Amino acid sequence: LLEQHDCSTIATALESNYAILKSNLVGMAARHRSIHAVLAYSWQFLTQTEAALLAYCSVFRGGFTSEAAIAVTGASPVQLQRLVDQSLLRQSEHGRFEMHELVRWYAAEQLHSDPQKELQTHQRHREYFINWLQTRQTRSTIHVSQEPSLEQDLDNLREVWRWAVE
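As the structure is a prediction and not an experimental result, all values here were calculated from the model.

Definitions and limits used
Residues numbered from 1 in each chain as written. Predicted model: local features only at pLDDT ≥ 70, side-chain atom pairs only at ≥ 80, totals over all residues. Heavy atoms only, no water. Helix = DSSP H or I, 4+ residues; strand = E, 2+ residues; numbered from the N terminus. Buried < 20%, exposed > 50% of the residue type's maximum accessible area, 1.4 Å probe, protein only. Contact = heavy atoms within 4.5 Å. Areas by Shrake-Rupley, 256 points an atom, 1.4 Å probe, with all protein chains shown as cover. Core = buried A, V, L, I, M, F, W, Y, C linked by side-chain atoms within 4.5 Å. Salt bridge = Lys/Arg side-chain N within 4 Å of Asp/Glu carboxyl O. Axes fitted to C-alpha atoms, helices over the stretch in contact; angles between N-to-C directions. Parallel < 35°, antiparallel > 145°, perpendicular 65-115°, else oblique. Left-handed = near helix turned anticlockwise from the far one by under 90°.

Colleague: I would appreciate a short explanation of the overall build of the protein in the present structure.
Modeller: When helices and strands are counted, the protein shows 9 helices and 2 strands. When its helices and strands are written in sequence order, the protein yields α-α-α-α-α-β-β-α-α-α-α. Each of the 166 residues in the protein was classed as buried or not, and the buried ones make up 33%. Taking the intrachain contacts of the protein between residues at least 6 apart in sequence as the baseline, contacts between residues at least 24 apart amount to 56%. Roughly 10400 Å² of accessible area belongs to the protein as shown, and the carbon and sulfur atoms make up 53% of that amount.

Colleague: What should I look at first to understand the nonpolar core in this one?
Modeller: Note that soluble globular proteins tend to have their nonpolar side chains buried in a common cluster. Trp43, Leu54, Phe60, Phe64, Leu89 and Phe129 are the most contacted members of the largest nonpolar core, which totals 36 residues. For this core, the secondary-structure elements that each account for two or more residues are helix 2 (35-43), helix 3 (48-57), helix 4 (66-73), helix 5 (77-85), helix 6 (101-112), helix 7 (115-136) and helix 9 (154-165).

Colleague: What's the story with the pattern of salt bridges in this structure? I'm lost.
Modeller: Summed over all chains, the structure comprises 8 salt bridges. Among the ionic pairs, glutamate 159 bridges to arginine 61, the shortest N-O distance being 4.0 Å. One end of the pair, glutamate 159, is in helix 9; the other, arginine 61, is in the loop between helix 3 and helix 4, and 98 residues separate them in sequence. When its relative accessible area of 22% is taken as the criterion, arginine 61 is described as partly exposed.

Colleague: Is there a simple way to think about the packing of helix 7 against helix 9 in this case?
Modeller: Following both chains from N to C, one finds helix 7 and helix 9 inclined at 110°, their axes separated by 10 Å at the closest point. Compared by their axis directions, helix 7 and helix 9 come out roughly perpendicular. Crossing angle aside, the handedness with which helix 7 passes helix 9 is left-handed. Of the residues in helix 9, those touching helix 7 at His125, Arg126, Phe129, Ile130, Trp132 and Leu133 are Asn156, Leu157, Glu159, Val160 and Trp163.

Treat this as a map of the structure, not an account of what it does.
Rendered as structure tokens:
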């Protein structure tokens, strides 16, 4: 399917559905035929707690601190490190955690399967970042260039803003 389309068509399709990343090659193991199958295969090796934690982390956009993860997901630093060790989260040299967008997509799909948990997790995410902003507001205007941590969490703040507007 992908080889029949130009890059912009593929990019547009990927924005709405990562499930198009699949192959029908003969002889390929079923667990390697799609990105969904690869992630589902990896997911089965997680404990129930790890799977829930990774699903909760899917609410973050553009990375997050351990402080944010603890507040939003209830994770411990040891649990976060375990997900790093399993290559499901990355940790930068500055200590921020990041999740590959394909892993985030799959984890969000898992969270979406429990609407109550999904709602609660998004609510904790919003509350955390609203409180986070309030503690940093020392002036009537906050400038991103004067507060580097604002720039790092801009995607999370945009998500909170999007929710507020809706």
